[in-house]
Amino acid sequence: MTLSMLGHRDDVGLKDGLLLIGGQWRASGDGATWTHKHPATHEEIGSFPIATAEDVDAAVQAARQAFDEGPWPRATVSARVRVLHKFSALLREHNDDLLSRLALDNGVPKTFGNIYAASVGVAADVFDHHAGWIDKAGGETFPGYQGGDKLAVTFREPIGVVAAILPWNAPFLLFAQKLGPALAAGCTVVLKPSEYASFSVLRMVELLEEAGLPEGVVNVVTGPGDPTGEALITHPLVDKISFTGSRAVGKRIVEASAGTLKRVSMELGGKSPAIVFPEAEVALAAATAMGMVTMGLSGQACIAQSRALVHRDVYDEFITVAQGVAGYMSYGDPFEPSVLASPLINERQLGRVLGYIQKGLEEGARLVQGGNRLDGDYSNGNFVAPAIFADVDNKMTIAQEEIFGPVLAVVPFSDEDEAIRLANDTEYGLGAGVYTKDVRQAFRVAKRLRAGSIGINGFQVEPHLPFGGYRQSGIGREGGRSAYEAYTELKSVMMPLTEEMM
Ligand code: NAD
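Residues numbered from 1 in each chain as written. Predicted model: local features only at pLDDT ≥ 70, side-chain atom pairs only at ≥ 80, totals over all residues. Heavy atoms only, no water.

Going by what an unreviewed UniProt entry lists, the protein chain is known as Aldehyde dehydrogenase (NAD+) and is assigned to Kibdelosporangium aridum. What the UniProt record of the protein chain gives under Sequence similarities (unreviewed entry) is the line "Belongs to the aldehyde dehydrogenase family." (UniProt positions renumbered as here; feature names shortened; annotations may be inferred.)

J.: Looking at this structure, I do not really get the side chain of R247. What am I missing?
T.: Turning to its location among the elements, R247 is positioned in helix 10 (residues 247–257). With sequence-adjacent residues up to four places away left out, R247 is seen in contact with L268, E427, Y428 and Q472. (Helix = DSSP H or I, 4+ residues; strand = E, 2+ residues; numbered from the N terminus. Contact = heavy atoms within 4.5 Å.)

J.: Could you clarify how one ought to interpret the packing of aromatic side chains in this entry?
T.: Aromatic rings in a pair are described by how distant their centres are and how their planes are angled relative to each other. Taken as a whole and judged by the stated rule, the model has nine aromatic pairs. Between the aromatic rings of F87 and F175, the centroid separation amounts to 6.1 Å while the plane-to-plane angle is 40 degrees, which identifies the pairing as tilted. Pair noted here: F87 is in helix 3 (residues 77–93) and F175 is in helix 7 (residues 171–185), with a separation of 88 residues, a long-range link. The class for F87 is buried, based on a relative accessible area of 0%. Given the relative accessible area of 0%, F175 is considered buried. With 6.2 Å between their ring centres and 85 degrees between their planes, W168 and F404 make a pair best called edge-to-face. You can see W168 sitting in the loop between strand 7 (161–165) and helix 7 and its partner F404 sitting in the loop between helix 14 (397–400) and strand 16 (407–413), a full 236 residues away along the chain. The two residues W168 and F404 agree in class, both being buried. Grouped by ring-pair contacts, the aromatic residues F87, F127 and F175 constitute a single cluster. The ring centre of Y487 lies 4.6 Å from the NZ or CZ of K240, which sits over that ring. (Phe/Tyr/Trp six-rings, centres within 6.5 Å; stacked < 30°, edge-to-face > 60°. Buried < 20%, exposed > 50% of the residue type's maximum accessible area, 1.4 Å probe, protein only. Lys NZ or Arg CZ within 6 Å of the ring centre and 35° of its normal.)

J.: Before we go on, may I ask you to explain the pairing of strand 12 (residues 273–276) in this structure?
T.: Along any regular strand the residues' side chains alternate between the sheet's two faces. Both faces of strand 12 are covered, namely the face carrying P273 and I275 and the face carrying A274 and V276. Here strand 12 pairs with strand 13 (residues 307–311) via four bridges, running parallel. Opposite P273, over in strand 13, you have R307 as the bridge partner. Sheet topology note: the strand 12/strand 17 (residues 431–435) ladder contains three bridges and is parallel. When the sheet's bridge partners are listed, I275 is paired in strand 17 with V434. (Pairing = 2+ DSSP bridges.)

J.: Any chance you could explain the nonpolar core here in plain terms?
T.: Soluble globular proteins tend to bury their nonpolar side chains together. F175, L179, L183, L191 and F318 are the most contacted members of the largest nonpolar core, which has 107 residues in total. Among the elements that take part in this core, helix 7 stands out by supplying 10 residues, more than any other. Setting aside residues no more than four positions away along its own chain, L191 makes contact with A164, L166, F175, L179, V201, V205, N219, V220 and V221. Counting 29 residues, the second largest nonpolar core, distinct from the first, contains M396, I398, I403 and A423. (Core = buried A, V, L, I, M, F, W, Y, C linked by side-chain atoms within 4.5 Å.)

Following this line, the structure appears as structure tokens:
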């Protein structure tokens, strides 16, 4: 049977999207639109405006006015907490509808969407977590350093207008990781969803309005990097850019932000290792690493452990289990409960992934299975059978570059020092997995890895734990108190308490 998404689209009642500027939903100034094609079928699902530079300017001006004159930055703690908790409750209430919209956006199976890491529930928890900082993350009081009696205090104040730019792969979580702390701190926002996942984000914004957020506090500009994203990152009235996406666009944003010295937070790509010691539960390690490059997003996940470093003693066993996991994946209609993995997001990404597989072969890695485009019922979509490469040298392209697809590169090692050296031999540093039953070894290795999030015998993004990258995987952290603080400026105020101090 030929796969089609059009029936699901009609069941969901999906309407074409609009921009949200200063509380008004409207089309773009020049009427231009982006037509979204579903990655599983290439059918046209719907459209939304491509915001022009003038639209982006209007959105930034609205956010600026809401920040400089509006009620949100000056709201009481209880008023802000109430809106954020109401929003998280609305998210949970609309879970199924949001998952359907996500499936129509990026083809992520609804079954996977219900798993915590990618779920609406994790987004709701992130908002609840940040609502909890509003009455706690204040300034400090200091004694005078020299001289007579003094009072010195610090205030934490909202940073201003935030440009929040999202990727397409995990919009629920990343919307929350940015807007949760930004709104909790009292900032106003211009949000740019990815052009490949706008419908689910637009629905979340409607729910924010329903939760009672004042007009102009969150504005939405849809459209691609050029012209929409460029107009946003170069706008002089934006105080901070919070970006999640590819390293290449991250570098462009750092460059563009230099003009007005904007603050930047960057959550970028990775080439995270899964380090598997002979003492490990090898089946768990192989299922986790292979699961991360197949299950749900088909490896289109920043934190995927796509580079398995496996001790020679357990190498063959690891590959056998990984093969089994790859064979278990099921593809097709993301609304079907039995479907576990998604297509690649677009034809460009399909070409990139197939190109990396070819490169792996040319550089001498051994393709154990997969790596081909799926045909038959799947031939209209961007489906690729999970690829396992064995005998990979860590210097090969497939071990160094973020492929962002269903490809696992398996590199052998002989001892702990070699494993750590290989793990750190990368330009990235987002995450890593350590697989061993030896507790001292697990922490010894975790301490020596140059990466922001380490999972020992498993990994999960937690709303209250800092998440982010070393080196070219990013700047700053999301999650936890430091994320909240990243949306604030710190002001010092001091006063002599006696006349002779003057
Ligand atoms: P991308 O960089 O292509 O796009 C991300 C966003 O940037 C989109 O909204 C896009 O429209 C916008 N954009 C593109 N060019 C722009 C420009 N010149 N100016 C302003 N905005 C611009 O990334 P993607 O394909 O959507 O997502 C995949 C990447 O995201 C991968 O590298 C992945 O590792 C990374 N990612 C990182 C994390 C993390 O937390 N570290 C999480 C998810 C995804």
